[in-house]
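Chain by chain, the residues:
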Amino acid sequence: MKIFLDTANLDEIRKGADWGIVDGVTTNPSLIAKEGRPIEEQVARICDIIDGDISAEVIATEAKDMIPEGLKLAKIHKNIVVKLPLTRDGIKACCALSKDGIRINVTLCFQPAQAMLAAKAGAYIISPFVGRIDDMGMPGIDLIEQIVTIYNNYGYKTQVLAASLRTPNHVIESALLGAHIGTMPFKTLDMLFNHPLTDKGLEQFLKDHNKAFQNG
Ligand code: G3P
């Protein structure tokens, strides 16, 4: 499974890039707003750090405006994937832009029929939000299973990007279910490293080494 960072913060992206395990970045208008720079500038900087798919979302809500905005975003860098919301206009714009060869990430997916529409519209990526469904008291991970099954049944090429992953367990379950990509905040990525037995084991290895070779 590819690992994407779900942030527009350059320090976090640099730290992830430094570990060598970040395959791409997803942003949304809320994440861009936190950084205080216009989207074109901020995503261009992100493209300079990570050589992988970088999602940049449109603000327009009508297809006639989403299409030129999407074309403009796609021109920023070859790695830009244009993000469109899963609305009637978003799907219409997805059809038009995909036919033009622009790669589209359809976002805000909360049920499997929406994912089917995105695949039929030629989306490059579908983004189901696991954590936000959990927030409503339902198992968000089931959505990943349903989408993966439907896409496999019909051979849809659209990649499943499990989004809104808040815990290591969300990441593990998404990978077990065959999601192509998992996008997560830096905090979740950082948590993936942790296990108390790793710390304990390393401490013991070093203690044994020091005892054998440094005390004689
Ligand atoms: O970028 C979309 C998604 O990953 C948002 O996550 O945690 O705000 O639900 P969250």
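Computed from a predicted structure; not experimentally measured.

### Quick notes on the packing of aromatic side chains
Then comes step 1: Evaluation of the coordinates by the stated rule reveals five aromatic pairs.
Then comes step 2: A centroid spacing of 5.4 Å and a plane angle of 15 degrees characterise the contact between Trp19 and Phe186, whose relative ring orientation is stacked. Here Trp19 is found in helix H1 (residues 10-19), whereas its partner Phe186 is found in helix H10 (residues 186-191), with 167 residues between them in sequence.
Then comes step 3: A relative accessible area of 36% places Trp19 in the partly exposed class.
Then comes step 4: Seen from their ring centres, Phe110 and Phe129 are 5.4 Å apart, and the 65 degrees between their planes marks the pair as edge-to-face.

### Describing the site of the ligand
Then comes step 1: Around the ligand, a shell composed of Asp6, Asn28, Lys83, Phe129, Arg132, Ala163, Ser164 and Arg166 is seen.
Then comes step 2: Note that an oxygen atom of the ligand is positioned 2.6 Å from one of the side-chain N or O atoms of Arg132.
Then comes step 3: One of the side-chain N or O atoms of Ser164 is found 2.7 Å from an oxygen atom in the ligand.
Then comes step 4: Class assignment of the residues belonging to the shell around the ligand gives a composition of two nonpolar, two polar and four charged.

### What about the pattern of salt bridges?
Then comes step 1: This model, assessed by the stated rule, comprises nine salt bridges.
Then comes step 2: The partner of Arg37 in a salt bridge is Glu41, and the shortest N-O contact between them spans 3.9 Å.
Then comes step 3: For Arg37, a relative accessible area of 28% corresponds to the partly exposed category.
Then comes step 4: Residue Arg166 is joined to Asp135 by a salt bridge in which the shortest nitrogen-to-oxygen separation is 3.0 Å. Note that Arg166 is positioned in the loop between strand S7 (159-162) and helix H9 (168-176) and Asp135 in the loop between helix H7 (130-134) and helix H8 (141-154), a separation of 31 residues in sequence.
Then comes step 5: One network of salt bridges, with partners in common, ties together Glu62, Lys64 and Asp65.

### Re the packing of H1 against helix H3 (residues 39-49)
Each pair of packed helices gets described by two things: the angle between the helix axes and the distance between those axes.
Then comes step 1: Look at H1 against H3: their axes get within 10 Å of each other, and the N-to-C directions meet at 15 degrees. In terms of their interaxial angle, H1 and H3 are classed as roughly parallel. Crossing of H1 against H3: the hand is right-handed. Residues Leu10, Ile13, Arg14 and Ala17 of H1 form the contact with H3, whose own contacting residues are Gln42, Arg45, Ile46 and Ile49.
Then comes step 2: Taken together, the residues that form the contact of H1 with H3 break down as five nonpolar, one polar and two charged.

### Regarding unusual backbone geometry
Then comes step 1: Unlike most non-glycine residues, Leu108 shows phi in positive territory, near 65 degrees.
Then comes step 2: Residue position: Leu108 is located in strand S5 (residues 104-109).
Then comes step 3: The exposure class assigned to Leu108 is partly exposed, which follows from its relative accessible area of 34%.

### Focus on the layout of surface pockets
Then comes step 1: The volume enclosed by the largest pocket comes to roughly 370 Å³.
Then comes step 2: Along the walls of the largest pocket sit 21 residues, with Asp6, Asn28, Leu31, Phe129 and Arg132 positioned nearest its centre.
Then comes step 3: Mapped onto the lining of the largest pocket, the elements with two or more residues apiece are helix H2 (29-35) and S5.
Then comes step 4: Considering every element that reaches the lining of the largest pocket, the biggest residue donor is H2, with four residues.
Then comes step 5: Classifying every residue of the lining of the largest pocket by side-chain character gives eight nonpolar, seven polar and six charged.

### As for the packing of helix H4 (residues 63-74) against helix H5 (residues 88-99)
Then comes step 1: Where H4 meets H5, the axes come as close as 9 Å, and the angle between the chain directions of the two elements is 45 degrees. Classified by the angle between their axes, H4 and H5 sit oblique to one another. Judged by the sense of rotation from one axis to the other, the crossing of H4 with H5 is right-handed. When H4 is examined against H5, the residues Ala63, Met66, Ile67, Gly70 and Leu71 are found in contact with a partner set consisting of Asp89, Gly90, Lys92, Ala93, Ala96 and Leu97.

### A word on the nonpolar core
Then comes step 1: Ranked by internal contacts, the top residues of the largest apolar core, which has 56 residues, are Val82, Leu84, Ile104, Val106, Ile126, Ile147 and Tyr151.
Then comes step 2: Ranked by residue count, the leading element in this core is H8, at seven residues.
Then comes step 3: Beyond its immediate chain neighbours, meaning those up to four positions away, Val106 contacts Leu84, Pro85, Leu86, Ile91, Cys94, Ala118, Ala123, Ile125, Ile126 and Ser127.
Then comes step 4: Core analysis: the second largest hydrophobic core is formed by six residues, Ile125, Phe129, Leu161 and Ile181 among them.

The rules behind the values
- Residues numbered from 1 in each chain as written.
- Predicted model: local features only at pLDDT ≥ 70, side-chain atom pairs only at ≥ 80, totals over all residues.
- Heavy atoms only, no water.
- Phe/Tyr/Trp six-rings, centres within 6.5 Å; stacked < 30°, edge-to-face > 60°.
- Helix = DSSP H or I, 4+ residues; strand = E, 2+ residues; numbered from the N terminus.
- Buried < 20%, exposed > 50% of the residue type's maximum accessible area, 1.4 Å probe, protein only.
- Near = heavy atom within 4 Å.
- Polar contact = N/O pair within 3.5 Å; in protein donor to acceptor, adjacent residues only side chain to side chain.
- Nonpolar A, V, L, I, M, F, W, Y, C, P; charged D, E, K, R; others polar.
- Salt bridge = Lys/Arg side-chain N within 4 Å of Asp/Glu carboxyl O.
- Axes fitted to C-alpha atoms, helices over the stretch in contact; angles between N-to-C directions.
- Parallel < 35°, antiparallel > 145°, perpendicular 65-115°, else oblique.
- Left-handed = near helix turned anticlockwise from the far one by under 90°.
- Contact = heavy atoms within 4.5 Å.
- 1 Å grid on protein atoms, 1.4 Å probe; cavity = no way out; pocket = protein on both sides within 12 Å on 5 of 7 lines; lining within 4 Å.
- Points joined across faces, edges and corners; volume = space filled by probe spheres on them.
- Core = buried A, V, L, I, M, F, W, Y, C linked by side-chain atoms within 4.5 Å.

Shape is all these values report; function is a separate question.
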